[in-house]
Amino acid sequence: MDNLCSYFLDLVQNSIAAKSSLIKLFIHESDKLAVEIIDNGVGMTDDEQNRALSPFYSSRTTRKVGLGLSMMKMLIEQTDGIFHLSSEKHKGTKLFLQFDSNHIDLPEMGDIGELIYMISIHQDVKDFIFIYQKNNEKYEYHLNKIKDILGDALQTFSVMKALIQSINDEIKIMRGMI
């Protein structure tokens, strides 16, 4: 994976596979980059959490290996970060990641707008909240509010382009890039 958004999408797909009705993704940028992915899916036992960190384990039936969590943990270790996974069976999972924003091995962020859109149009995502925070500014995206406004138009090419651009512009403004 060549950017962080690719990692995040893979991790969110774990939440989708866990039959979550609500997925939350928080990104907080400062001298550290903190990311939280929280879901209310089926959760994991302590034993399942330990196995989930192995690249040779997957609960998915579509592939024999589970690389998302193990690759993320490896990236965190490589960049002197913090990795914390907590889960409770039938209650959900919380993943906390923290990176040194200036570490030479930290991949670029990637296209956040595209990440949010890809999650939003996934047929199994019922509700999704994305919050991006930098310093004292905050951008919030609530999928159910977007669905109320756009309905089926969310799936159209023109709306896709506009929504991705809008999200990226908001984040660029907060980063001081516009």
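Above this text is the structure in question.
Residues numbered from 1 in each chain as written. Predicted model: local features only at pLDDT ≥ 70, side-chain atom pairs only at ≥ 80, totals over all residues. Heavy atoms only, no water.

(A) The arrangement of the sheet that holds strand β1 (residues 23-29) in detail. Strand order across the open sheet formed by six strands is β3-β4-β2-β1-β5-β6, with mixed pairing between neighbours. Edge positions in the sheet fall to β3 (82-88) and β6 (137-142), since each of these pairs with one other strand and no more. Going from strand to strand, the sheet's axes swing by 10 degrees on average, the running direction of each strand aside. Examined bridge by bridge, β1 and strand β5 (residues 128-134) share seven bridges and lie parallel to one another. Bridge pairing in β5 places isoleucine 23 opposite phenylalanine 128. Packing of helix α5 (residues 143-150) onto the sheet brings it into contact with β5 and β6, and relative to β6 it is tilted by some 60 degrees. (Pairing = 2+ DSSP bridges. Helix = DSSP H or I, 4+ residues; strand = E, 2+ residues; numbered from the N terminus. Axes fitted to C-alpha atoms, helices over the stretch in contact; angles between N-to-C directions. Contact = heavy atoms within 4.5 Å.)

(B) Up close: the packing of helix α4 (residues 112-120) against helix α6 (residues 157-175). At a minimum axis separation of 8 Å, α4 and α6 run at an interaxial angle of 135 degrees. Comparing their axes, α6 and α4 come out oblique. The chirality of how α4 crosses α6 is right-handed. Every residue of α6 that contacts α4 at Ile112, Gly113, Glu114, Ile116 and Tyr117 is listed here: Met160, Leu163, Ile164, Ile167, Asn168, Ile171 and Arg175. Of the residues that constitute the contact of α4 with α6, the class distribution is eight nonpolar, two polar and two charged. (Parallel < 35°, antiparallel > 145°, perpendicular 65-115°, else oblique. Left-handed = near helix turned anticlockwise from the far one by under 90°. Nonpolar A, V, L, I, M, F, W, Y, C, P; charged D, E, K, R; others polar.)

(C) Spotlight on the environment of glutamate 114. Considering the arrangement of structural elements, one finds glutamate 114 in helix α4. Overall, glutamate 114 belongs to the partly exposed group, its relative accessible area being 43%. Sequence-wise, glutamate 114 and isoleucine 23 are 91 residues apart; in three dimensions their C-alpha atoms are separated by 17 Å. (Buried < 20%, exposed > 50% of the residue type's maximum accessible area, 1.4 Å probe, protein only.)

(D) Local environment of the side chain of serine 87. Along the polypeptide, serine 87 turns up in strand β3. Polar side-chain contacts of serine 87 include one of 3.0 Å to the backbone oxygen of glycine 92. Apart from residues no more than four positions distant in its own chain, serine 87 is found in contact with Gly43, Met44, Gln49, Gly92 and Thr93. (Polar contact = N/O pair within 3.5 Å; in protein donor to acceptor, adjacent residues only side chain to side chain.)

(E) Structural context of the pattern of salt bridges. Under the criterion given, the structure shown has six salt bridges. For lysine 94, the salt bridge identified is with glutamate 36, shortest N-O distance 3.1 Å. Taken together, the residues span a long stretch of sequence, with lysine 94 in strand β4 (residues 92-100) and glutamate 36 in strand β2 (residues 32-39) at a distance of 58 residues. Note on lysine 94: relative accessible area 37%, which makes it partly exposed. The closest approach of N and O atoms between aspartate 47 and arginine 51, which form a salt bridge, is 3.3 Å. Taken as a pair, aspartate 47 and arginine 51 lie in helix α2 (residues 46-52) at a separation of four residues, close to a single helical turn. Given the relative accessible area of 46%, aspartate 47 is considered partly exposed. Given a relative accessible area of 35%, arginine 51 falls into the partly exposed group. (Salt bridge = Lys/Arg side-chain N within 4 Å of Asp/Glu carboxyl O.)

(F) Structural view of the pairing of β6. Note that β5 and β6 share six bridges and pair antiparallel. The residue of β6 that forms the bridge with glutamine 133 is lysine 138. Following β5, the chain reverses through two residues before pairing antiparallel with β6; asparagine 135 in that reversal takes a positive phi of roughly 55 degrees.

(G) Highlighting the packing of helix α1 (residues 4-17) against α4. Where α1 meets α4, the closest approach of the two axes is 10 Å, and the angle between their N-to-C directions is 15 degrees. Judged by the inter-axis angle, α1 sits roughly parallel to α4. Relative to α4, α1 is oriented so that their crossing is right-handed. On the side of α1, the interface is formed by Cys5, Phe8, Leu9 and Val12, while α4 contributes Ile112, Leu115, Met118 and Ile119. Tallied by class, residues from the contact of α1 with α4 come to eight nonpolar, no polar and no charged.

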